[in-house]
Each structure stands twice: as C-alpha cells, then as structure tokens.
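# Geometric and topological summary
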Amino acid sequence: MAFRVALNFEDGVTRFINCPATDTVADASYRAGINIPIDCRDGACGTCKVFCESGKYDGGSYIEDALTDEEAAKGFALTCQMRPKSDLVLRVPVPSSACKTGPVKQKAVMEVVNKLSPTTISFTLKLTEPVKFLPGQYVNIEVPGTGQYRAYSFSSAPGADIASFLIRNIPGGLMSTFIASQAKPGDEVNFIGPSGSFFLREIARPVLMLAGGTGLAPMLSMLAYMEANPPAQKVHLVYGVTNDEDLVETAALDEFAAKIPGFTWEACIANPASAYPRKGYVTQHLLPEHINGGDVDVYLCGPPAMVEAVRKYFTDTGVTPVSFHYEKFNPSSPSDKAA
Ligand SMILES: Cc1cc2nc3c(=O)[nH]c(=O)nc-3n(C[C@H](O)[C@H](O)[C@H](O)COP(=O)(O)OP(=O)(O)OC[C@H]3O[C@@H](n4cnc5c(N)ncnc54)[C@H](O)[C@@H]3O)c2cc1C
Ligand code: FES
C-alpha cells in the first residue's frame, strides 16, 4: 500500500509523492525526482532530518548523533529511515530549488464565475487531473494574457478535479478586473503551485479559525476537508468583514455547521452603521471558551492589518496558543511574474 507524502519546503512550495509502506521517504522522493538532502543513508549523520507535521510512521533505526530521543519525541525524523504508516506531511528545512524541484505549472479552464456581492466573487476552475494541495494552501494564478500572477487560496477541498476560489473585487485591480468583467467559462487559466505553510494540521485539540474578508477562503477549504474527515474536537470560526456586502458564503458555513460535528461559527461586521446583530472586530467576539486557556490551535487569515491586530491581541492578553498559524493576504507587487 502506498501513502501520500507531502513535502513542504522552506520556500513554501509543496510537492506530493507516493511512498509505499515498505519504502523509506528518501527513496520514494528520489524516485519522484526530488533530491531531498541526504548523506549517509544510514541513520548516522542527521542530514536528512525533517519535521513531521502530521501522520504516522516507523522512524527506523539511527544513532543519537543523527536524531536525539528528544527530537524524535517532538516529531523530527530521518527520511532515510522513516517509512509511512499513513499519509504524511513533512516540513523539509531547505528551499525546493535545493532539491532540484519547484512549484508545478498547471493548466485549467474557467468553469463558473459567480458574483456573490458587489465586493466579492467566487470562481471555479476545471482541472485536467485532481489537484493536490493541503487544505489552506494557495496557488499563483496568471491573469490571462499578462504574464502577471496573483496568489489565491483554494476555497475547495483537495483532491477534486475542480478548484474554487474566493476573491475580493479590488476596483482597478488587474486580476479583480479580469474576473469581474472579462472571465467567462472556457477561458484557459495557468497556475503554479501549491504553496504555503498555512495549512490544516492534525486536529489534536480545539481549533479556533479567525477569518477577515476573503481570508475565509482557506477556512472553507479546511472545512470541506473536515466534512470528509470529521474532527474529534470542537472547531469554532469567527468571520469578520467591514461592510454588510462583504459577508458571503454564510449558507455554506451553515451547511458545514450542520454536517461537521462540533463546528460552530459566527460573523461580525465592523461598520457601526450595519444592522447586523454582531458588530466590531473578530477580537471583540473571542470568548474564553474559544481560547480554551491556550490549549487551542489558531488559524488566522485576512488582510495584513487584520492579521497584525489579532496577533497583537494575543500578545497583549498574554495567551500563547499551542499553535498559531497565519496567512496575510499581502498585495502583490506589480512585477509579480510568479511569486
Ligand atoms: C498567500 C496569499 C494568498 C491570497 N489569497 C487570496 C484569496 O484567497 N482571496 C483574495 O481576495 N485575495 C487573496 N490574496 C491577495 C491577492 O493575491 C491579490 O493581491 C488581490 O486579489 C489583488 O489583486 P488584483 O490583481 O485584483 O489587484 P492589483 O492589480 O494587484 O492591485 C491594484 C491596487 O490595489 C491595491 N490592493 C491590492 N490588494 C488590496 C487589498 N486587499 N485591499 C486594498 N487594496 C489592495 C494594490 O496595492 C494596488 O494599488 C492573497 C495573497 C497572498 C499573498
Ligand atoms: S542521510 Fe544520514 S541520517 Fe539520513
């Protein structure tokens, strides 16, 4: 039986390989043309050390010089020794280029463009083969005919032959203008990826998701994954937007709440003039039960100012969550060819 191993490199690029239970991850990587760092191949030097973000494996045999008991207990492992017992996500501490690999270029066809509100648009791409990524990751999509790329987080689950995205319609923005006024079913679209270290880890404790605006996209992808792989822990989402018209996909969130055991969500609108019952910023709606005394995994995504405000909130309150993952939707630079 072969398992799927995601190799997440230091530069955010992720490559997927198949690794039979009988093979080491290093052997499977080399067979796939990915030269992950390796030296002795014998569990003696430690060159091939990685961190296992999720999954089960047999760590094999090695000496203390290569991997200490303390490191092994924390989740570090040696790829020349480890054999998977489940799908794995491994953090490889070098850039993808050092392993003679990089992000994969793919072609897709625009399937649906859906204007959800004056400020927010969703679109779906049809792919030639199921797209592999970790829920929460993004791809760089080319604005057709321009050679310019913009980063967008998947809002759909991995492994399907369609991929969905949720984008803010920035007036005058290159991709925004294309999607809002030109894109039509059948358009050919190129993208590169997947990338990013903002992805759902194994759910071992309560999860708190904080989304600002279209920062909801990666949360939707994680929730779609959870629908197929129900978590044994509580998951709560606080979704903050600026104005009423920015609040989208609420029916999808209600559906996830009906289908995913332990999942709850609430939204808030910052504009004081809104008639929405919950107003203000996401941090104003965080209750002690959501923070769970710090025994919580936090996933935070949105515009840079919102992400910084939430990070400051946690610093100021002195609560350190067990893990804190965030993604800032930074604007691209005009010269972004393939960020
Ligand atoms: C890792 C990553 C993932 C991302 N995922 C998403 C996603 O899922 N959904 C999404 O909507 N966006 C996402 N973004 C942002 C996205 O990549 C683009 O920057 C954004 O869509 C604007 O692209 P554009 O071509 O329409 O505008 P551009 O032509 O790039 O910009 C036009 C003008 O608008 C300004 N601008 C750009 N972004 C904003 C903004 N948010 N608010 C105000 N002004 C802005 C620019 O500085 C520029 O002056 C992500 C960014 C990163 C880094
Ligand atoms: S290559 Fe030396 S320990 Fe794996």
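Residues numbered from 1 in each chain as written. Chains lettered and ligands numbered in written order. Predicted model: local features only at pLDDT ≥ 70, side-chain atom pairs only at ≥ 80, totals over all residues. Heavy atoms only, no water.

## Observations concerning the sheet that holds strand β11 (residues 148–153)
The strand order across the open sheet formed by 6 strands is β11-β10-β13-β8-β9-β12, and the pairing between neighbours is antiparallel. Taken across any chain shown, the strands that pair with only one partner, and hence form the sheet edges, are β11 and β12 (162–168). Going across the sheet, the axis of each strand differs from the next one's by a mean of 40 degrees, ignoring polarity. Bridging between strand β10 (residues 138–143) and β11 involves 6 bridges; their strand directions are antiparallel. Along β11, the bridge assignment pairs Val139 with Tyr152. Sitting on the sheet, helix α3 (residues 174–181) is in contact with β8 (104–115), β9 (120–127), β10, β11 and β12, with an inclination near 75 degrees to β10. (Pairing = 2+ DSSP bridges. Helix = DSSP H or I, 4+ residues; strand = E, 2+ residues; numbered from the N terminus. Axes fitted to C-alpha atoms, helices over the stretch in contact; angles between N-to-C directions. Contact = heavy atoms within 4.5 Å.)

## Some thoughts on the packing of aromatic side chains
Under the criterion given, the structure shown has 8 aromatic pairs. Taken together, a centroid distance of 5.2 Å and an interplanar angle of 25 degrees make the contact between Phe123 and Phe165 stacked. With Phe123 in strand β9 and Phe165 in strand β12, this pair connects stretches of sequence that are 42 residues apart. Looking at Phe165, the relative accessible area reads 2%, which means it is buried. Here the aromatic residues Phe123, Phe133, Phe154 and Phe165 are joined through ring pairs into a cluster of three or more. Sitting over the ring of Tyr30, Arg41 keeps its end group 5.4 Å from the ring centre. (Phe/Tyr/Trp six-rings, centres within 6.5 Å; stacked < 30°, edge-to-face > 60°. Buried < 20%, exposed > 50% of the residue type's maximum accessible area, 1.4 Å probe, protein only. Lys NZ or Arg CZ within 6 Å of the ring centre and 35° of its normal.)

## Some remarks on the domain arrangement of the protein
For the protein, the domain assignment lists domain 1 (2–99), domain 2 (104–195) and domain 3 (207–328). For domain 2 and domain 3, the distance between their C-alpha centres works out to 23 Å. With 18 residues of domain 2 in contact, the opposing surface of domain 3 contributes 14 residues. At the boundary of domain 2 with domain 3, total buried surface from both sides reaches about 1300 Å², with 65% on carbon and sulfur atoms. (Domains from an automatic or database assignment. Buried area = accessible area lost by both parts, 1.4 Å probe.)

## So, the side chain of Ser156
Looking at where Ser156 falls in the secondary structure, it is placed in the loop between β11 and β12. Exposure remark for Ser156: the relative accessible area of 13% places this residue in the buried category. Polar contacts involving the side chain of Ser156 include one to the main-chain amide nitrogen of Ser164, which spans 2.9 Å. Leave out the neighbours within four places in its chain, and Ser156 touches Phe133, Ile162, Ala163, Ser164, Ser221 and Ala224. (Polar contact = N/O pair within 3.5 Å; in protein donor to acceptor, adjacent residues only side chain to side chain.)

## Section: the nonpolar core
One finds Met209, Leu216, Met219, Leu237, Tyr239, Leu253 and Phe263 to be the most contacted residues of the largest nonpolar core, which totals 29 residues. When residues of this core are assigned to their parent elements, the largest contribution, 8 residues, is made by helix α4 (residues 216–228). With residues up to four places along the chain from it excluded, the contact list for Leu253 reads Leu216, Leu220, Leu223, Leu237, Tyr239, Phe263 and Trp265. By size, the runner-up hydrophobic cluster in this structure holds 24 residues, among which are Val13, Cys19, Val50 and Cys52. (Core = buried A, V, L, I, M, F, W, Y, C linked by side-chain atoms within 4.5 Å.)

## Concerning the site of ligand 1
As a structural note, the neighbourhood of ligand 1 is formed by 21 residues, with Arg150, Ala151, Tyr152, Met175 and Ser176 the closest of them. Contacts to ligand 1 include Ser153, whose backbone N or O atom sits 3.1 Å from an oxygen atom. Considered on its own, ligand 1 offers 930 Å² of accessible surface; in the complex 73% of this is hidden by protein. A majority-of-atoms criterion places ligand 1 in the largest pocket. (Near = heavy atom within 4 Å. Areas by Shrake-Rupley, 256 points an atom, 1.4 Å probe, with all protein chains shown as cover. 1 Å grid on protein atoms, 1.4 Å probe; cavity = no way out; pocket = protein on both sides within 12 Å on 5 of 7 lines; lining within 4 Å. Sits in = over half its atoms within 2 Å of the grid points.)

## Here we look at the sheet that holds strand β16 (residues 263–269)
Reading across the sheet, the 5 strands line up as β16-β15-β14-β17-β18 and stay open at both edges, with parallel pairing between neighbours. With partners counted over all chains shown, the strands left at the sheet margins are β16 and β18 (323–328), one partner each. Adjacent strand axes in the sheet meet at a mean angle of 10 degrees when their direction is disregarded. Pairing between strand β14 (residues 207–212) and strand β15 (residues 235–241): 6 bridges, direction parallel. Within β15, the position partnered with Leu208 by the bridge is His236.

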